Amino acid sequence: MMNEMNRDAANSPRVAMVLGSGGVRSIAALGIADVLTQAGLKPDVVVGCSSGALFGACIAKGWTGREGLEAATQLWSADLTQKKRWRAYFELIAPRLWGFGSDFALRDAALIRARVERAFGATQIEELPTALRVVATEASTGRSVVLTRGRVADAVRASMALPFMFPSVEFDGRRLVDGVISDPLPVSAARDARAIVTVGFRGSLPRRIDRASRLVAQITTTMINNLQEARVRALSDARMFHFELDIDRRTGLWETAAMPRIFDVGRRAAEEQLPAIRRVLDPAT
């Protein structure tokens, strides 16, 4: 029994990074990964959902912090959400006539698809230099799904397919949507690691409720924030290092110009945590 336990410990990932939702703020993870790698603590596995899946794929692909930052500024921008599907408004007004269905979306996902395809091409998850686990939600059941095989581009798009805003993505015979719906900070997908570095953010509530979309945003953001907090509390132990980053002002989900600043915030936070992470990995130090 003791030999089996030692063997399991030897085969488990040394360092895992878990990246949750957070829009542009998730770029901080690239700064954190950069510091860990330079300190000889390169993550063995990256887990990501929603925007965290996109930036996590950049890390798993092997890009340095600055390479990832440059790529991310080209991948993530507000124009991804600006291509409207005009037919959607007719589907809302006359659903039977215009064919409202489970794949309804207000926005066209063609631009997201093109950018993700350009970044990752036909690369398979299992071909990446660092193990990647992408978390999405199965639309028909609401269950969390961990993707460890298949095209990176498809997995990332599925994990970012926010219902109502973007259409679902077909992946291995299943219809998948944004991972944030079922697990906004999927720590459980990294519980086999010796040290777990988590990067997640509470969503910002609307400052005022003056239209229906902001009321919906208030409700859904509150639910996601509470779910994330519950996940962290349930799995928190001495192996987990949860980064609560001090971003010095309110930052929009698509504020690309803030990326370099947030990247540096992540770097500084990781440098502060390095001694504690080393102690978990090597208690004798």
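Refer to the structure above for everything that follows.
Structural notes, computed from the coordinates. Note that the structure is predicted; figures quoted are calculated from it, not measured. (Residues numbered from 1 in each chain as written. Predicted model: local features only at pLDDT ≥ 70, side-chain atom pairs only at ≥ 80, totals over all residues. Heavy atoms only, no water.)

Focus on the side chain of D183
So, point 1. By secondary structure assignment, the location of D183 is in the loop between β6 (174–177) and β7 (195–199).
So, point 2. Assessed through its relative accessible area of 4%, D183 is described here as buried.
So, point 3. With near-sequence residues (within four places) excluded, D183 lies in contact with C49, V135, S144, S188, L227 and R231. (Helix = DSSP H or I, 4+ residues; strand = E, 2+ residues; numbered from the N terminus. Buried < 20%, exposed > 50% of the residue type's maximum accessible area, 1.4 Å probe, protein only. Contact = heavy atoms within 4.5 Å.)

Quick word on the packing of aromatic side chains
So, point 1. Across all of its chains, the model carries five aromatic pairs by this definition.
So, point 2. With a centroid separation of 4.8 Å and 25° between ring planes, the pair formed by F100 and F104 is classed as stacked.
So, point 3. When the centroid spacing of 5.0 Å and the interplanar angle of 50° are considered together, the rings of F104 and F164 count as tilted. Taken as a pair, F104 in the loop between α6 (95–98) and α7 (110–120) and F164 in the loop between α8 (152–159) and β5 (169–171) lie far apart in primary sequence, 60 residues in all.
So, point 4. F104 sits in the buried class, given a relative accessible area of 7%.
So, point 5. A network of ring pairs unites the aromatic residues F100, F104 and F164 as a single cluster. (Phe/Tyr/Trp six-rings, centres within 6.5 Å; stacked < 30°, edge-to-face > 60°.)

Focus on helix α3 (residues 51–60)
So, point 1. The element α3 is extensively covered by neighbouring structure, given that ten of its ten residues are classed as buried.
So, point 2. Within α3 the residues assigned to the buried category are S51, G52, A53, L54, F55, G56, A57, C58, I59 and A60.
So, point 3. Backbone geometry just after α3 places G62 at a positive phi near 100°.

Focus: unusual backbone geometry
So, point 1. Even without a glycine there, the phi angle at S50 is positive, about 55°.
So, point 2. Position of S50 relative to the elements: it lies in the loop between β2 (45–49) and α3.
So, point 3. Judged by its relative accessible area of 10%, S50 falls in the buried class.
So, point 4. Of note, F164 is a non-glycine position whose phi angle comes to about 80°, a positive value.
So, point 5. Note on F164: relative accessible area 45%, which makes it partly exposed.

Description of the pattern of salt bridges
So, point 1. Considering all chains together, one arrives at ten salt bridges under this definition.
So, point 2. For E91, the salt bridge identified is with R87, shortest N-O distance 3.1 Å. Highlighted residues: E91 and R87, both in helix α5 (residues 86–93), separated by four residues, approximately one helical turn.
So, point 3. A salt bridge links R151 to D154; its shortest N-O distance comes to 2.8 Å.
So, point 4. Shared partners join several salt bridges into a network, and the residues in it are E117, R151, D154 and R157. (Salt bridge = Lys/Arg side-chain N within 4 Å of Asp/Glu carboxyl O.)

Scope: geometric values only; no functional claims are made or implied.
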